[in-house]
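Observations on the model geometry
So the chains spell out like this:
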Amino acid sequence: ILAAISVTAQVRRPRVADDGTSTRASATIAAANPDQAGRRPAIVVLTEPSLSEYLVASEPQALSLHGEKPEVNSAHVRARMFSDEGQSRLASIQANKAPLIAQIQQRGLPVLSQTEHVLNAIMLTATEAELAWLRQQPGVKSAEFSGKKRVNLDAAAKLVGAPTIWSQVGQD
């Protein structure tokens, strides 16, 4: 199941315990805060493929050098995305999504945004009951609450050599 995740990254020096391990968790996930109507941010993924999924699926594939999985020419797919073909397909995806968005808005659900390029989805706020209704609609693959993800870049700091730099500039 796909879920929309808001990512907040913090770059801080990790607190290190006596045994040399970080005392801060690498990531925490918390539920989004509900609004006055009890609605929370959610994402509705549709069954119709996104523009990039469609273009990759219809792209002629070349065999890899080692005979494994076929490779897709990503530069060609990207070029097709911005061609007349891509723009026409994008308009078709948006037109196919319009009736569902109209139904959602008629029910009073706030539509926050929509996406078609990488994922064909609608971002909105909803209650559990409203998500249950959405899951029953034709063309809906999934409807789930979004989560908030807070990422601490403890491992990244070490990976890029930040502790060495910090000690050289007197931030030890």
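Anyway, here's the lowdown on the structure attached to this text.

1. Here we look at the overall build of the protein
Regarding its fold elements, the protein presents six helices and seven strands. Residue burial in the protein is summarised as follows: out of 172 residues, 31% are buried. Across the protein, every contact between residues at least 6 apart in sequence was considered, and the portion connecting residues at least 24 apart equals 65%. When the accessible area of the protein is evaluated, it comes to approximately 11000 Å², of which 55% is carbon and sulfur surface.

2. Regarding the side chain of Ser-50
Following the sequence through the fold, Ser-50 ends up in the loop between strand E3 (40–46) and helix H1 (51–57). The contacts of Ser-50, once residues within four sequence positions are left out, are Ile-93, Glu-116, His-117, Val-118, Leu-119 and Asn-120.

3. A closer look at the sheet that holds strand E5 (residues 121–126)
Taking strand neighbours across the sheet as the criterion, the four strands line up as E4-E5-E3-E6 in an open arrangement whose pairing is antiparallel. The sheet is open, and its two borders are formed by strand E4 (111–115) and strand E6 (140–145), each paired with just one other strand. Across this sheet, the average inter-strand angle for adjacent strands is 20°, counted without regard to direction. Bridging between E3 and E6 involves five bridges; their strand directions are antiparallel. Looking at the pairing, Val-45 lines up with Ser-142 of E6. Helix H4 (residues 128–135) rests against E3, E5 and E6 of the sheet, and its axis sits at about 170° to E6.

4. A closer look at the nonpolar core
Val-44, Leu-100, Ile-104, Ile-122, Leu-124, Leu-131 and Leu-134 are the most contacted members of the largest nonpolar core, which totals 16 residues. Elements with a minimum of two residues in this core: E3, helix H3 (84–106), E5, H4 and E6. When sequence neighbours within four positions are dropped, the list of residues in contact with Leu-100 reads Leu-46, Ile-122, Leu-134, Gln-137 and Val-140. By size, the runner-up hydrophobic cluster in this structure holds six residues, among which are Val-77, Met-81, Leu-90 and Ile-93.

5. Comments concerning the packing of aromatic side chains
Considering all chains together, one arrives at zero aromatic pairs under this definition. For Arg-40, the ring lying beneath its charged end belongs to Phe-145, and the centroid distance is 3.8 Å. Positioned above the aromatic ring of Tyr-54, the side-chain terminus of Arg-89 is 4.2 Å from the ring centre.

6. Points about the pattern of salt bridges
Summed over the entire model, instances satisfying the criterion amount to seven salt bridges. Of the charged contacts, one joins Arg-39 and Glu-130 as a salt bridge, the two residues approaching to 2.9 Å between their closest N and O atoms. Separated by 91 residues along the polypeptide, Arg-39 in the loop between strand E2 (27–31) and E3 and Glu-130 in helix H4 bring together distant segments of the chain. We classify Arg-39 as buried; its relative accessible area is 15%. The class of Glu-130 is buried, set by a relative accessible area of 12%. Between Glu-128 and Arg-135 there is a salt bridge, with its nearest N and O atoms 3.2 Å apart. Among the charged side chains, a salt-bridge network with shared partners connects Glu-59, Arg-80 and Glu-85.

7. Remarks on H3
In an α-helix, one turn spans 3.6 residues, which is why side chains three or four residues apart end up on the same side. Taking 1.5 Å per residue, 23 residues should reach 33 Å; H3 reaches 33 Å between its end C-alpha atoms and fits that length. Bending of H3 peaks at approximately 35° at the position of Ala-98, with proline Pro-99 no more than four residues after it. For H3, every residue scored as buried is listed here: Gly-86, Arg-89, Leu-90, Ile-93, Lys-97, Leu-100, Ile-101 and Ile-104. Backbone nitrogen of Glu-85 and a side-chain oxygen of the N-cap are separated by 3.3 Å at the start of H3; the cap is Ser-83. Trailing H3 by a residue or two, Gly-108 shows a phi angle of about 85°, which is positive.

About the cut-offs
- Residues numbered from 1 in each chain as written.
- Predicted model: local features only at pLDDT ≥ 70, side-chain atom pairs only at ≥ 80, totals over all residues.
- Heavy atoms only, no water.
- Helix = DSSP H or I, 4+ residues; strand = E, 2+ residues; numbered from the N terminus.
- Buried < 20%, exposed > 50% of the residue type's maximum accessible area, 1.4 Å probe, protein only.
- Contact = heavy atoms within 4.5 Å.
- Areas by Shrake-Rupley, 256 points an atom, 1.4 Å probe, with all protein chains shown as cover.
- Pairing = 2+ DSSP bridges.
- Axes fitted to C-alpha atoms, helices over the stretch in contact; angles between N-to-C directions.
- Core = buried A, V, L, I, M, F, W, Y, C linked by side-chain atoms within 4.5 Å.
- Phe/Tyr/Trp six-rings, centres within 6.5 Å; stacked < 30°, edge-to-face > 60°.
- Lys NZ or Arg CZ within 6 Å of the ring centre and 35° of its normal.
- Salt bridge = Lys/Arg side-chain N within 4 Å of Asp/Glu carboxyl O.
- Expected span 1.5 Å × (residues − 1).
- Bend = angle between axes of the 7 residues up to and from the residue.
- Polar contact = N/O pair within 3.5 Å; in protein donor to acceptor, adjacent residues only side chain to side chain.

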